[in-house]
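Read off the chains here:
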Protein chains: 2
Amino acid sequence: MLENKDNSRTDISQLGEFGLIDHLTKQFSIQHKSTIKGIGDDAAVITLDEPIVVTTDLLVEGVHFDLSYMPLKHLGYKAVIVNLSDVYAMNATPSQITVSIAASNRFPVEALEELYAGIATAAKIYGIDVVGGDTTSSTSGLLISITAIGHAKKEDIVYRDGAGDSDLLVVSGDLGAAYLGLQILEREKQVFKVNPNSQPDLDAYTYLIERQLKPEARKDIVKLLADLEVLPTSMIDISDGLSSEILHLCKNSKVGCNLYEDKIPLDPQVISTSEEFKMDSTTIALSGGEDYELLFTVKQEDFPKIKGNPNLSIIGHMTHEKEGVHLITRANTKIPIVARGWNSLQEE
Amino acid sequence: MLENKDNSRTDISQLGEFGLIDHLTKQFSIQHKSTIKGIGDDAAVITLDEPIVVTTDLLVEGVHFDLSYMPLKHLGYKAVIVNLSDVYAMNATPSQITVSIAASNRFPVEALEELYAGIATAAKIYGIDVVGGDTTSSTSGLLISITAIGHAKKEDIVYRDGAGDSDLLVVSGDLGAAYLGLQILEREKQVFKVNPNSQPDLDAYTYLIERQLKPEARKDIVKLLADLEVLPTSMIDISDGLSSEILHLCKNSKVGCNLYEDKIPLDPQVISTSEEFKMDSTTIALSGGEDYELLFTVKQEDFPKIKGNPNLSIIGHMTHEKEGVHLITRANTKIPIVARGWNSLQEE
């Protein structure tokens, strides 16, 4: 009667809090010289010779993710990426994270192992140390809180408030795919509810789904800009949608902006799937969110350094504040941009 | 129809995510020169000339707190204290925190204002800046995740692993009160369920209840030790109970310990209330938890500096590892100490 017959499921209470933390964190080794002490004391100890940047994000089951199509390993990976993206958006280099997790008893130890495996994979790929955290039970659902620490030379840190009124507006990668990936997964979930034996053919949507389930943070863009000797005048990462982020830059920098619809970078899968869903691809790029691309402004004199770079698209230019923030459509009409980004507090 | 007739309750979705964060964080001003950028960018920017310490804690409704007797303002205060206590346990000075909150729609904006008021009070009293955070909805309950950053000279940082086998074991303040405060509050909750009109007389328990609802972190002890020119050889804060923390120090420092029952500091209210509850006060001190006192070891040569100090009690001494970890009772029997600290993962 005392034996656990199901070897594939270990209840988290069997290990106890310290046992569980030890079990889950033993895979994390310290890579950075700057990490003096990682997990295992009242606090981690870090020595960085430069200013540090600190950012934190909270992901809540049922609000930010749906485990019916988000594998736990991907979730762990994505939870790290979301934070690293904020560090890169300061033009800084992430070096340490702390990870706190609350999980209800519906999650066995094996599920948390999957989650931590995803966290460990992201940490390894991006070269960061997991230096602390907390693991506790919750009364319902799963919640992940990550804090990332990075560093940069003081003169290299890029804020949201530095854009000048004739600067160029530049974005990395392409936009809208993560949102459409979510729509595809939601659609398949509904199909599965009706017919659990259906075998979805998702070949036409692989890029979209990958962008939703396994996003990357643009470490490469921070390096590229350094190599090109371009210091952006302002920068933000695109987590809530292009329109919302442009408004943040404009508000903080006290400038206006003209964004050109025909310059917004879209993947072919975004264009074809938008048509399939009878949605406007520009609206998706403007409001979709979760793309984790970098949006930044550069001085006009830096134009020769970035033009033609396949990783970067010049999508507009800043203007005097009183000119406002507008989208210039393909039909050459001027529409005010309003924030319609994703809002976790909005009621369904 | 569009008006909110109940002016005392503003739904959090009315403000939106950015509106809510702006609303709740506008009361936080920057006090520290070291905070270059606080709330309002992708990440905070901090310049500290010393090594930094980082710690994080997660508090979950129904696991770590019960809002039926924990006022939200006190909860906000306590959530900060729990983290600062970990920073002091490194013999470091906290300077910044980030605060992330997930709240279900049962919490109106006014409730979150109360919570943030408690956070702001703790920040002001302990001289720290709130530099970032995240506010989101949850599907059920309230959750608070705080990360604290502090700093110290490298040579002043005290770890868990430095205790020598003849060092003295010292604790600040007194133990067991927070646990008994919780028992009192639980008892009153049950009484209230049976008779909502009962007026509890809690005068005999004021210290216990205050220790549970509004604990403090021992900033003063870190200062006292510096003033006395005593650098502990190891240190930890008492969050899970004395026995659990002694075992952490012994395991990390590879030493044993003799703890003397008659030396454990107890408040008179702890003694009288233990008797009332027919519980052993030593057991409560050993296993109660949430006292947030500092437990540390000092070299024997530092004895003259600390003896007789009303804030400090010498409760035992470390031994060779092979001698094990024991409680020496008032009857002079030797009982092995095992961890029976509070465990958030334990099933009820």
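The name recorded for chain A in an unreviewed UniProt entry is Thiamine-monophosphate kinase, from Ulvibacter litoralis. Recorded in UniProt under Catalytic activity (unreviewed entry), the annotation for chain A is "thiamine phosphate + ATP = thiamine diphosphate + ADP". Per UniProt, chain A carries the Function (unreviewed entry) text "Catalyzes the ATP-dependent phosphorylation of thiamine-monophosphate (TMP) to form thiamine-pyrophosphate (TPP), the active form of vitamin B1."

All names here are of chain A. Close contact between helix H4 (residues 177-194) and helix H8 (residues 268-276) brings their axes to 10 Å; oriented N to C, the two are set at 45°. In terms of their interaxial angle, H4 and H8 are classed as oblique. Classified by chirality, the crossing of H8 by H4 is left-handed. Residues Ala177, Leu180, Ile184 and Arg187 of H4 form the contact with H8, whose participating residues are Val270, Thr273, Ser274 and Glu276. Its residues assigned to classes, the contact of H4 with H8 shows 4 nonpolar, 2 polar and 2 charged.

Here we take up the UniProt feature "binding site: Mg(2+) 1" (unreviewed entry) in chain A. Those residues carrying the UniProt feature "binding site: Mg(2+) 1" (unreviewed entry) are Thr56, Asp57 and Asp134 of chain A in this numbering. Judged by relative accessible area, Thr56 of chain A falls into the buried class, the value being 6%. Among the polar contacts listed, one links the side chain of Thr56 of chain A to the backbone oxygen of Ile146 of chain A, at a separation of 3.1 Å. Mapped onto the secondary structure, Asp134 of chain A falls in strand S5 (residues 129-137). Classification of Asp134 of chain A as buried rests on a relative accessible area of 8%. When near neighbours in sequence (up to four residues on either side) are disregarded, Asp134 of chain A contacts Glu17, Val99, Ser100 and Ile101 of chain A together with Thr56, Asp57 and Leu58 of chain B.

All names here are of chain A. Following both chains from N to C, one finds H4 and helix H5 (residues 206-213) inclined at 100°, their axes separated by 7 Å at the closest point. With respect to H5, the element H4 is oriented roughly perpendicular. Across the interface between the two elements, Ala177, Ala178, Tyr179, Leu180, Gly181, Leu182, Ile184 and Leu185 of H4 pack against Tyr207, Leu208, Ile209, Arg211, Gln212 and Leu213 of H5. Its residues assigned to classes, the contact of H4 with H5 shows 11 nonpolar, 2 polar and 1 charged.

Ranked by internal contacts, the top residues of the largest apolar core, which has 95 residues, are Ile97, Ile101, Leu142, Leu242, Leu259 and Leu295 of chain A. In terms of residue count, helix H3 (residues 109-126) of chain A provides more of this core than any other element does, 10 residues in total. Viewed by domain, this core spans two of them, domain 1 (14-156) and domain 2 (168-336) of chain A, each represented by three or more residues. Leu20, Phe28, Leu112 and Val222 of chain B belong to the second-largest nonpolar core, a separate cluster that totals 94 residues.

In this fold, Thr136 of chain B is placed in strand S5 (residues 129-137). In this structure the side chain of Thr136 of chain B is engaged in a polar contact, spanning 3.3 Å, whose partner is the side chain of His64 of chain A.

Residues and elements named next belong to chain A. The assigned domain composition of chain A is domain 1 (14-156) and domain 2 (168-336). A separation of 26 Å is found between the C-alpha centroids of domain 1 and domain 2. The partner domain 2 presents 20 residues to the 21 residues of domain 1 that form the contact. Counting each side, the surface lost to burial between domain 1 and domain 2 is near 1900 Å², with a carbon and sulfur contribution of 59%. Sorting the residues of domain 1 by area buried against domain 2 places Tyr69, Lys78 and Tyr88 first, and these three jointly supply 33% of that buried surface. Counting across the domain 1 and domain 2 interface gives 2 salt bridges. Between Asp66 and Lys189 there is a salt bridge whose closest N-O contact spans 2.5 Å. At 9 residues, the largest contribution of residues to the side of domain 1 that touches domain 2 is made by helix H2 (residues 72-88). Looking at side-chain class alone, the side of domain 1 that touches domain 2 contains 12 nonpolar, 4 polar and 5 charged residues.

All names here are of chain A. With respect to the element layout, Ser234 can be found in strand S8 (residues 234-237). The exposure class of Ser234 is buried, given its relative accessible area of 0%. In sequence terms Ser234 and Cys250 are 16 residues apart; their C-alpha atoms lie 9.7 Å from each other. Not counting residues within four places of it along the chain, the set of residues in contact with Ser234 comprises Val158, Tyr159, Arg160, Asp161, Gly162, Ala163, Leu249, Ser253, Leu295, Phe296 and Thr297. Only 2.6 Å separates the side chain of Ser234 from the side chain of Thr297, close enough to count as a polar contact.

When the UniProt feature table is mapped to this numbering, "binding site: Mg(2+) 2" (unreviewed entry) covers Asp57 and Asp86 of chain A. In three dimensions, the annotated residues from a span of 30 residues occupy one location, with a maximal C-alpha spread of 9.4 Å. Ignoring anything within four residues of it in the chain, the contact list for Asp57 of chain A reads Val82, Asn83, Asp86, Ile144, Ser145 and Ile146 of chain A together with Asp134 of chain B. Among the structural elements, Asp86 of chain A can be located in helix H2.

This part covers the relation of the copies chain A and chain B. Copy one and copy two of the chain differ by a rotation about a common axis and a shift along it. Least-squares fitting of chain A to chain B yields an RMSD of 0.0 Å, with the transformation described by 0.0 Å of translation along the axis and a rotation of 180°. When the rotation and shift are considered jointly, the pair of chain copies conforms to a two-fold rotation axis.

Glancing now at the interface of chain A and chain B. Taken residue by residue, the interface counts 66 residues in chain A and 66 residues in chain B. Where chain A abuts chain B, roughly 5300 Å² becomes buried across the two surfaces, and 55% of that area is made up of carbon and sulfur atoms. Between Asp41 of chain B and Arg160 of chain A there is a salt bridge, with its nearest N and O atoms 3.6 Å apart. The tally of links from chain A across to chain B stands at 19 residue pairs in polar contact (both at pLDDT 80 or more). In terms of residue class, the side of chain A that touches chain B is made up of 26 nonpolar, 25 polar and 15 charged. Here strand S3 (residues 52-60) of chain A runs beside strand S2 (residues 44-46) of chain B; their pairing, made up of 3 bridges, is antiparallel. From the neighbouring strand, Ile52 of chain A faces S2 of chain B, where its bridge partner is Ile46 of chain B.

Glancing now at the side chain of Asp291 of chain B. All names here are of chain B. With respect to the secondary-structure elements, Asp291 resides in the loop between helix H9 (281-287) and strand S10 (294-298). For the buried Asp291, no salt bridge is present, and the opposite-charge side chain at shortest range is Arg211, 4.1 Å distant. In this structure Asp291 touches Asp174, Leu175, Gly176, Ala177, Ala178, Arg211 and Ile238, once residues within four positions along its chain are discounted.

The subject of this paragraph is the environment of Gly181 of chain A. Residues and elements named next belong to chain A. For Gly181, the position within the fold is in helix H4. Taking C-alpha positions, Gly181 is 7.4 Å from Glu210, a pair spaced 29 residues apart along the chain. Contacts of Gly181, omitting those with residues within four sequence positions, involve Leu208, Ile209 and Gln212.

This part covers the confidence of the model for chain A. A residue-level look at chain A finds 95% of positions with pLDDT of 70 or above and a mean pLDDT of 92. Across residues 1-5 of chain A, where pLDDT falls below 50, the model places 3 contacts with residues more than four positions away in sequence or in other chains.

A few words now on the sheet that holds strand S11 (residues 312-319) of chain A. Residues and elements named next belong to chain A. If you trace the 7 strands from one edge of the open sheet to the other, you get S8-S10-S7-S11-S9-S12-S13, paired in mixed fashion. The sheet terminates laterally at S8 and strand S13 (334-336), the two strands that pair on one side only. Each neighbouring strand pair of the sheet contributes to a mean axis angle of 25°, computed without reference to strand direction. Bridge analysis of strand S12 (residues 325-328) against S13 gives 3 bridges, and the strand direction is antiparallel. Looking at S13, one finds that His326 is bridged to Pro336. Most of the contacts of helix H7 (residues 242-253) go to S8, to which it runs at about 150°, and overall it touches strand S7 (168-172), S8, strand S9 (256-260), strand S10 (294-298), S11 and S12.

What counts and how
- Residues numbered from 1 in each chain as written.
- Chains lettered and ligands numbered in written order.
- Predicted model: local features only at pLDDT ≥ 70, side-chain atom pairs only at ≥ 80, totals over all residues.
- Heavy atoms only, no water.
- UniProt positions renumbered as here; feature names shortened; annotations may be inferred.
- Axes fitted to C-alpha atoms, helices over the stretch in contact; angles between N-to-C directions.
- Helix = DSSP H or I, 4+ residues; strand = E, 2+ residues; numbered from the N terminus.
- Parallel < 35°, antiparallel > 145°, perpendicular 65-115°, else oblique.
- Left-handed = near helix turned anticlockwise from the far one by under 90°.
- Contact = heavy atoms within 4.5 Å.
- Nonpolar A, V, L, I, M, F, W, Y, C, P; charged D, E, K, R; others polar.
- Buried < 20%, exposed > 50% of the residue type's maximum accessible area, 1.4 Å probe, protein only.
- Polar contact = N/O pair within 3.5 Å; in protein donor to acceptor, adjacent residues only side chain to side chain.
- Core = buried A, V, L, I, M, F, W, Y, C linked by side-chain atoms within 4.5 Å.
- Domains from an automatic or database assignment.
- Buried area = accessible area lost by both parts, 1.4 Å probe.
- Salt bridge = Lys/Arg side-chain N within 4 Å of Asp/Glu carboxyl O.
- Least-squares fit on C-alpha atoms with pLDDT ≥ 70 in both.
- Pairing = 2+ DSSP bridges.
- Lys, Arg positive; Asp, Glu negative; His and termini not counted.
- pLDDT = per-residue confidence, 0-100.

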